[in-house]
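Coordinate inspection notes
What follows is the residue order along each chain.
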Amino acid sequence: MQTDAIATIVDQWKRERPDLDPAPMLVIARLFRLTDTLDQRLRPPFAAAGLGNGDFDVLAALRRAGRPYALSAGELSRTVLVTTGAITKRVDRLEARGLVRRSVDEADSRGRLITLTAEGADLTDELIAVHLDNQRRLLAGLGEEERAQLAGLLERLAATVSAD
């Protein structure tokens, strides 16, 4: 198997600083590089649909919420894992395109609900199919058992990192 750039970097650190163990780089640096590569490979269908960074996340969160496809800004923020300020900017863009609409929350007149429009739901349904096909293609080099094992390991890593 060909050595990747990260393995080369680790070997160089072993040579230059034999007192240190650079092995964590084999995981962390690869995760960083993979994140960038995956982002570049997964973004084009969203960009082609005129969606900015994170816009699809908002649409998908609303669609996953089930009928009537509506959430408050706070609920969206917690679901998408960004600040309410970032949600506001995304919703502004999506509302201007007619993909979502804002309305007064009947349960709390001070609050606003963000609701997916019919056009937004159709676009989301179209894009999620493309997105999942892209993900399957990117994971095609791994067998089903390997994908399941990797998913479990990443879940454990995420839990460990979050606990710190």
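Preceding this section is the structure that the text describes.
Residues numbered from 1 in each chain as written. Predicted model: local features only at pLDDT ≥ 70, side-chain atom pairs only at ≥ 80, totals over all residues. Heavy atoms only, no water.

Details of the overall build of the chain
When its secondary structure is counted, the chain shows eight helices and three strands. The globule rule puts the C-alpha radius of gyration for 164 residues at 15 Å, and the 20 Å found for the chain is more than 25% above it. For the C-alpha atoms alone, the extent of the chain along its principal axes is close to 65 × 35 × 30 Å. Looking at the chain residue by residue over its 164 residues, the buried ones come to 26%. Here the chain has roughly 11300 Å² of accessible surface; of this, 55% comes from carbon and sulfur atoms. The positive charge centre, built from 23 side chains, and the negative charge centre, built from 25, are 3 Å apart in the chain. (Helix = DSSP H or I, 4+ residues; strand = E, 2+ residues; numbered from the N terminus. Rg over C-alpha atoms; globule rule 2.2 N^0.38 Å. Buried < 20%, exposed > 50% of the residue type's maximum accessible area, 1.4 Å probe, protein only. Areas by Shrake-Rupley, 256 points an atom, 1.4 Å probe, with all protein chains shown as cover. Lys, Arg positive; Asp, Glu negative; His and termini not counted. Charge placed at Lys NZ, Arg CZ, Asp CG, Glu CD.)

A word on the nonpolar core
Considering soluble globular proteins, one finds that nonpolar side chains tend to be buried as a cluster. Counting residues in each nonpolar core, the largest one holds 23 residues, and the members touching the most others are L51, L59, L62, L76 and V100. Of all the elements in the fold, those that place two or more residues in this core are α4 (55–64), α5 (73–80), α6 (84–96), β3 (108–116) and α7 (118–138). At six residues, α4 tops the list of elements feeding residues into this core. With sequence-adjacent residues up to four places away left out, L51 is seen in contact with F46, F56, L59, L94, R97, L99, L123 and L127. (Core = buried A, V, L, I, M, F, W, Y, C linked by side-chain atoms within 4.5 Å. Contact = heavy atoms within 4.5 Å.)

What about the pattern of salt bridges?
Opposite charge on two side chains permits them to pair, given that their charged atoms come into close proximity. In total, this model carries eight salt bridges according to the counting rule given. Here E16 and R15 are joined by a salt bridge, their closest N and O atoms 2.9 Å apart. Judged on exposure class, the residue E16 and its partner R15 are both exposed. For the salt bridge of R43 with D39, the shortest nitrogen-to-oxygen distance reads 2.4 Å. You can call D39 partly exposed: its relative accessible area is 37%. Salt bridges sharing common partners tie together D92, E95 and R102. (Salt bridge = Lys/Arg side-chain N within 4 Å of Asp/Glu carboxyl O.)

Some details on the packing of aromatic side chains
Any two aromatic rings considered together are summarised by their centre-to-centre distance and by the angle between their planes. A full pass over the atoms with the stated rule returns one aromatic pair. Taking the centre distance of 4.5 Å and the plane angle of 25° together, the rings of F46 and F56 count as stacked. In this pair, F46 is assigned in helix α3 (residues 44–48) and F56 in helix α4, connecting sequence segments 10 residues apart. In this structure F46 comes out as buried when scored by relative accessible area, which is 13%. (Phe/Tyr/Trp six-rings, centres within 6.5 Å; stacked < 30°, edge-to-face > 60°.)

Notes on the packing of helix α1 (residues 5–16) against helix α2 (residues 24–42)
Relative orientation of the contacting elements α1 and α2 amounts to 145°, with a least axis distance of 9 Å. In this structure, α1 crosses over α2, and the sense of that crossing is right-handed. In this structure, α1 contributes A5, I6, A7, I9, V10 and W13 to the contact, and α2 contributes M25, L26, A29, R30 and R33. Looking at the contact of α1 with α2 residue by residue, the class counts come to nine nonpolar, no polar and two charged. (Axes fitted to C-alpha atoms, helices over the stretch in contact; angles between N-to-C directions. Left-handed = near helix turned anticlockwise from the far one by under 90°. Nonpolar A, V, L, I, M, F, W, Y, C, P; charged D, E, K, R; others polar.)

A short note on α6
In this model α6 runs 18 Å from its N-terminal to its C-terminal C-alpha over 13 residues, within 8% of the 18 Å that 1.5 Å per residue would give. When α6 is considered as a whole, its buried residues turn out to be I87, R90, V91 and L94. Axial view of α6: buried residues confined to an arc of 100°, hence all on one face. Across from the buried face of α6, at angles greater than 90 degrees, the exposed residues are K89 and A96. Just past α6, the residue G98 takes up positive phi, approximately 80°. (Expected span 1.5 Å × (residues − 1). Arc of directions from axis to C-beta.)

Here's the deal with the side chain of H131
Considering the arrangement of structural elements, one finds H131 in helix α7. Within the local environment of H131, its side chain forms a polar contact with the side chain of Q135, the two groups lying 2.9 Å apart. Apart from the residues lying within four places of it in its own chain, the contact partners of H131 are L42, F46 and F56. (Polar contact = N/O pair within 3.5 Å; in protein donor to acceptor, adjacent residues only side chain to side chain.)

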